[in-house]
Amino acid sequence: VRLVESGGGLVQPGGSLILSCAASGSIRSINTMAWYRQAPGKQRELAASITSGGSPTYAVSVKDRFTISRDNAKNTVALQMNSLKPEDTAVYYCNVAVRGWDLVIRNYWGQGTQVTVSS
């Protein structure tokens, strides 16, 4: 299974970005899809996740500013980030729980995409 992320970059405080992640390969179904982030010198943390049924969960720090969505037909997950703050600066990683044709669920990580919020 391969995860390809896109959409990171440099944005001014108060700006917006959309991150996208597409999963491909030997996929029977996908359970939870999520975005994690890791700021310099800090541990990786969950920013947002979404179940196969479309129920989202957000970290307190991003709630009401970020929106996670998925397209089950295309095996994609997106993160709309609004009202960005300098403290949102981090490498953002896509994480996907994939059920393979052997019915085993495995976790996969994307390569990470840099988001920098700075004036």
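Attention here is on the structure that accompanies the text. Note that this is a predicted model, so its numbers are computed, not measured.

### Brief notes about the packing of aromatic side chains
- Enumeration according to the criterion identifies two aromatic pairs in this entry.
- The interplanar angle of 65 degrees and the centroid separation of 5.0 Å between the aromatic rings of Tyr36 and Trp109 together place this pair among those described as edge-to-face. Within this pair, whereas Tyr36 is found in strand E4 (residues 29–38), its partner Trp109 is found in strand E10 (residues 105–109), the two being separated by 73 residues in sequence.
- Given a relative accessible area of 24%, Tyr36 falls into the partly exposed group.
- Ring centres of Tyr93 and Trp109 lie 6.4 Å apart, and the angle between their planes is 85 degrees; on these two criteria the pair is classed as edge-to-face. Taken together, the residues span a long stretch of sequence, with Tyr93 in strand E9 (residues 90–99) and Trp109 in strand E10 at a distance of 16 residues.
- Overall, the relative accessible area of 15% leaves Tyr93 in the buried class.
- One aromatic cluster is present, formed by Tyr36, Tyr93 and Trp109 through successive ring pairs.
- Above the plane of the ring of Tyr93 lies Arg44, whose end atom (NZ or CZ) is 3.7 Å from the centre.

### Remarks on the pattern of salt bridges
- Following the criterion strictly, the structure yields four salt bridges and no others.
- For Asp88, the salt bridge goes to Arg37, with nearest N and O atoms at 2.9 Å. Here the residue Asp88 occupies a position in the loop between strand E8 (76–81) and E9, and Arg37 occupies one in strand E4, the gap between them amounting to 51 residues.
- You can call Arg37 buried: its relative accessible area is 7%.
- With a shortest N-O distance of 2.8 Å, Arg106 and Asp102 are connected by a salt bridge.
- Here the salt bridges do not stand alone but share partners, grouping Arg37, Glu45, Arg65 and Asp88 into one network.

Thresholds applied
Residues numbered from 1 in each chain as written. Predicted model: local features only at pLDDT ≥ 70, side-chain atom pairs only at ≥ 80, totals over all residues. Heavy atoms only, no water. Phe/Tyr/Trp six-rings, centres within 6.5 Å; stacked < 30°, edge-to-face > 60°. Helix = DSSP H or I, 4+ residues; strand = E, 2+ residues; numbered from the N terminus. Buried < 20%, exposed > 50% of the residue type's maximum accessible area, 1.4 Å probe, protein only. Lys NZ or Arg CZ within 6 Å of the ring centre and 35° of its normal. Salt bridge = Lys/Arg side-chain N within 4 Å of Asp/Glu carboxyl O.

Purely spatial values, then, with no claim about function.
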